[in-house]
Amino acid sequence: MSRPLVIAPSILSADFASLGAEVRAIEDAGADWVHFDVMDGHFVPNLTIGPGVAAAIRPHVRTKLDVHLMISPVDAYLGDFAEAGADTITVHAEAGPHLYRSLQHIKSLGKRAGVALNPGTPPDAIDYVLDLVDLVLVMTVNPGFGGQDFIPAMLGKISAVHAKVGDRPIDIEVDGGITPLTAPLVVAAGANALVAGSYIFKDGPSTYGDMIGALKNAAASR
Ligand code: DX5
Ligand code: ZN
């Protein structure tokens with residue numbers, strides 16, 4: 001099946017003092033979703049933003065709020081992110097022993113459910129949750145920080161996930177090190193939703209349209 005290309009800027013690299021304006025600027029520049037990275041200093045070695053910030057920016061989001069939870073345990077916070085206005089809530093397969101339960105919980109909240117795989121996690125981790133998920137996120141860097149280098153070995157994992165997903169209406173998202181150089185590679189392997197942080201935000205709002213356009217062109221050129 002052909003899945004629509006999605007560019008999802010990660011606001012981890014935005015100006016945190018102006019998040020509402022940043023969200024409006026990336027959407028005006030052609031962003032398809034707003035990617036929201038939550039880190040707890042435990043599952044990953046960094047601390048970022050939580051449901052209060054998600055609720056604060058929600059009125060500025062006209063597209064979709066794509067929440068990536070890099071936290072463990074995760075279950076106790078799912079309701080808070082649903083209430084804050086997340087459209088998709090993605091949890092890590094490695095975040096706890098009850099992935100299936102976490103995904104059922106997200107679905108019961110009426111939200112799209114995503115499962116994320118760390119670089120060291122095999123694609124088989126999605127085998128028994130495929131009927132519950134709307135999105136599979138293949139991490140193309142170690143989660144925790146923006147601005148890291150893409151891990152080329154993840155191309156094989158994207159292809160494996162693509163084969164497993166088959167014709168199901170499931171987005172295949174990649175996150176980490178996405179630039180016009182890596183975008184065609186991940187799209188050729190089967191990804192359709194591209195998260196990009198440092199590449200899009202590095203030169204400020206006047207260039208967001210150019211950066212998003214360059215990613216779209218590169219993805220289309222594969
Ligand atoms: C990493 C985050 C990413 C990050 C991507 O743990 O999940 O969303 O912001 O940043 P870049 O595009 O700079 O690799
Ligand atoms: Zn992310």
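All values derive from a computational prediction rather than experimental measurement. Residue positions within a chain follow its written sequence, with the count starting from 1. A letter from A marks each chain and a number from 1 marks each ligand, given out in the order of writing. Residues qualify for local features only when their pLDDT is at least 70, as the model is predicted, and side-chain atom pairs are given and counted only at 80 or more; totals for whole chains, interfaces and linings, by contrast, use all residues. Side-chain metrics in this entry use all non-hydrogen atoms of the structure; hydrogen atoms and water are not considered.

Colleague: Even after reading the chapter, I still don't get the sheet that holds strand 1 (residues 6-9), so can you show me in this structure?
Modeller: Neighbouring strands of a sheet are bound in pairs by backbone hydrogen bonds; such pairs are parallel or else antiparallel. Paired strands, as defined in this entry, are two strands with at least two bridges between them according to DSSP. Secondary structure counts use DSSP, requiring at least four H or I residues in a row for a helix and at least two E residues in a row for a strand, with both numbered from the N terminus. Taken in spatial order, the 8 strands of this open sheet run 1-8-7-6-5-4-3-2, and their pairing is parallel. Of all the strands in the sheet, just strand 1 and strand 2 (34-39) have a single pairing partner and so form its edges. Neighbour to neighbour, the strand axes of the sheet diverge by 25° on average, direction disregarded. With 5 bridges connecting them, strand 6 (residues 135-139) and strand 7 (residues 171-175) associate as parallel partners. Bridging from a neighbouring strand, valine 138 pairs with valine 174 of strand 7. Helix-sheet contacts for helix 4 (residues 99-108) involve strand 4 (88-92) and strand 5 (112-117), and the interaxial angle to strand 5 is about 150°. Sheet strands touched by helix 8 (residues 208-220): strand 1 and strand 8 (193-196). Its angle to strand 1, the strand with the most contacts, is close to 145°. Each axis is a line fitted through C-alpha atoms, taken for helices only over the stretch in contact, and angles between the N-to-C directions span 0 to 180 degrees. Contacts are assigned to residue pairs with any non-hydrogen atoms lying within 4.5 Å of each other.

Colleague: So what exactly am I meant to see when it comes to helix 4 here?
Modeller: One turn of an α-helix holds 3.6 residues; hence residues three or four places apart share an orientation. Relative accessibility decides the category of a residue: with a 1.4 Å probe and only protein chains considered, values under 20% of the type maximum give buried, values over 50% give exposed, and everything between is partly exposed. Restricting attention to buried positions, one finds in helix 4 the residues Leu99, Ser102, Leu103 and Ile106. Buried residues along helix 4 cover an arc of 95° about the axis, so they all sit on one side. Looking at the packing, one finds that the buried side of helix 4 touches helix 3 (78-84), strand 4 and strand 5. Glycine 110, located one to two residues past helix 4, shows a positive phi value of around 80°. An arc is given here, and it is the one of the directions from the helix axis to the C-beta atoms.

Colleague: For this particular structure, what's the right way to read the pairing of strand 2?
Modeller: For a regular strand, side chains alternate in direction, first toward one face of the sheet and then toward the other. Taken across its 6 residues, strand 2 has 6 buried, putting it largely inside the fold. Side-chain alternation along strand 2 places Val34, Phe36 and Val38 on one buried face and His35, Asp37 and Met39 on a second face that is also buried. Pairing between strand 2 and strand 3 (residues 65-70): 6 bridges, direction parallel. Of the residues in strand 3, the one forming a bridge with phenylalanine 36 is valine 67. Remark: the strand 2/helix 2 (residues 51-57)/strand 3 crossover connection has right-handed handedness. Note on handedness: a crossover is taken as right-handed if, strands pointing away from the viewer, the path from the first strand over the helix to the second is clockwise.

Colleague: What should I look at first to understand the nonpolar core in this one?
Modeller: Grouped burial of nonpolar side chains is what soluble globular proteins tend to show. Here the nonpolar core consists of buried residues drawn from Ala, Val, Leu, Ile, Met, Phe, Trp, Tyr and Cys, with membership extended through side-chain atoms lying within 4.5 Å. One finds Ile11, Phe36, Leu69, Leu194 and Ile200 to be the most contacted residues of the largest nonpolar core, which totals 65 residues. Element by element, the count of residues in this core is highest for helix 8, at 6 residues. The residues touching leucine 69, leaving out its near neighbours within four places in the chain, are Val38, Val74, Leu78, Phe81, Ile89, Thr90, Val91 and His92. With 10 residues, the next largest nonpolar core counts Ala116, Met139, Val141 and Val195 among its residues.

Colleague: What am I meant to see in the coordination of the zinc ion (ligand 2) here?
Modeller: Octahedral metal centres with six donors ideally show angles of 90 or 180 degrees, and tetrahedral centres with four donors ideally show 109.5 degrees. Any nitrogen, oxygen or sulfur atom within 2.8 Å of a metal ion counts as a donor, with the limit raised to 3.2 Å for Na, K and Ca, and since water is left out, coordination shells can look unfinished. Note on the zinc ion (ligand 2): its protein donors are His35 (NE2), Asp37 (OD), His68 (ND1) and Asp175 (OD). The metal-donor distances range over 2.0 to 2.3 Å. With 6 donor atoms in place around the zinc ion (ligand 2) and angles of 67 to 168° between them, the coordination shape is octahedral. Read in sequence order, the donor residues for the zinc ion (ligand 2) give the motif H-x1-D-x30-H-x106-D. Separated by 140 residues along the polypeptide, histidine 35 in strand 2 and aspartate 175 in strand 7 bring together distant segments of the chain. Comparing histidine 35 with aspartate 175 shows no difference in burial state: the two are buried. Any site counts as irregular unless it has four donors with all angles between 85 and 135 degrees, making it tetrahedral, or four or six donors with opposite ones more than 155 degrees apart and the rest between 65 and 115, making it square planar or octahedral.

Colleague: Looking at this structure, how should I read the pairing of strand 3?
Modeller: Among the 6 residues of strand 3, 6 are classified as buried, and the element is accordingly described as predominantly covered. The alternating pattern of strand 3 places Leu65, Val67 and Leu69 and Asp66, His68 and Met70 on opposite faces, both of which are buried. Relative to strand 4, strand 3 runs parallel, the two being bridged by 4 bridges. The residue of strand 4 that forms the bridge with aspartate 66 is threonine 88.

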